[in-house]
Amino acid sequence: MKKVLALLMITCSLLAFGCSSRNAAFGVVDMRKVEQNAPAVQTVKKDLQATSKKLQEELQKETAGKSKEEQEKIARDKSAQMQVASSEAQNKLKTSLDKAMQEVSKEKNLSAILLKDAVPSGGVDVTDDIIKKMK
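Small disclaimer: the values here were computed from a predicted structure and weren't measured. (Residues numbered from 1 in each chain as written. Predicted model: local features only at pLDDT ≥ 70, side-chain atom pairs only at ≥ 80, totals over all residues. Heavy atoms only, no water.)

### Some words on the side chain of Thr 63
Okay, step 1: Inspection of the secondary structure puts Thr 63 in helix H3 (residues 39-63).
Okay, step 2: Not counting chain neighbours up to four residues away, the residues in contact with Thr 63 comprise Gln 71 and Ile 74. (Helix = DSSP H or I, 4+ residues; strand = E, 2+ residues; numbered from the N terminus. Contact = heavy atoms within 4.5 Å.)

Here it is, written out as structure tokens:
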């Protein structure tokens, strides 16, 4: 009796999930294209390169005439500052991408947006829409 009940519950759940997903529309996004074309990505890359250049210049100025131990300490500090800047840049891009994906998903009535590389076929390509929305 328990086996029959369990089998019946599994069958009902498969039918319920199977039927609902057939009507669900989903989008696909080409992340390589987003990385290459989104103005937000380009801006963040330029900012990060400028920060890196500034920190390298500071490192050279601050280590001149210092002992090896002092140079290593300064280098570690500059490296930590660069890691913080990189982390902040990644968070900024993630926030921008998430917001753009939510807006596009809502506008196009999509239940999900997946990576284009992970989907062999099907889906609505929303890459250009996401690029336009990223700020």
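Now that the structure is up, let's keep going.
### Concerning the packing of H3 against helix H4 (residues 68-107)
Okay, step 1: Interaxial distance between H3 and H4 falls to 10 Å at its minimum, and their mutual angle equals 170 degrees. Classified by the angle between their axes, H3 and H4 sit roughly antiparallel to one another. For the pair formed by H3 and H4, the contact residues are Ala 40, Val 41, Val 44, Leu 48, Thr 51, Ser 52, Leu 55, Glu 58, Leu 59, Glu 62 and Thr 63 on the first element and Gln 71, Ile 74, Ala 75, Lys 78, Gln 81, Met 82, Ala 85, Ser 86, Ala 89, Lys 92, Leu 93 and Ser 96 on the second.
Okay, step 2: A class-by-class count of the residues in the contact of H3 with H4 yields 12 nonpolar, 7 polar and 4 charged. (Axes fitted to C-alpha atoms, helices over the stretch in contact; angles between N-to-C directions. Parallel < 35°, antiparallel > 145°, perpendicular 65-115°, else oblique. Nonpolar A, V, L, I, M, F, W, Y, C, P; charged D, E, K, R; others polar.)

### Thoughts on the sheet that holds strand S2 (residues 112-115)
Okay, step 1: Pairing is parallel across the open sheet formed by 3 strands, whose spatial order is S2-S1-S3. Each edge of the open sheet carries a strand with a single partner, namely S2 and strand S3 (124-125).
Okay, step 2: Bridge analysis of strand S1 (residues 26-29) against S3 gives 2 bridges, and the strand direction is parallel. Its bridge partner being in S3, Val 28 is matched across the sheet by Asp 125. (Pairing = 2+ DSSP bridges.)

### Observations regarding the environment of Leu 114
Okay, step 1: With respect to the helices and strands, the residue Leu 114 is situated in strand S2.
Okay, step 2: Under the relative-accessibility criterion, Leu 114 is labelled partly exposed at 35%.
Okay, step 3: Measuring from C-alpha to C-alpha, the distance between Leu 114 and Val 28 comes to 4.8 Å, with 86 residues separating the pair along the chain.
Okay, step 4: Discounting chain neighbours no more than four positions away, the residues touching Leu 114 are Phe 26, Gly 27, Val 28, Val 29 and Val 119. (Buried < 20%, exposed > 50% of the residue type's maximum accessible area, 1.4 Å probe, protein only.)

### Re the side chain of Lys 78
Okay, step 1: Mapped onto the secondary structure, Lys 78 falls in helix H4.
Okay, step 2: Judged by its relative accessible area of 9%, Lys 78 falls in the buried class.
Okay, step 3: Not counting chain neighbours up to four residues away, the residues in contact with Lys 78 comprise Leu 55, Glu 58, Leu 59 and Glu 62.

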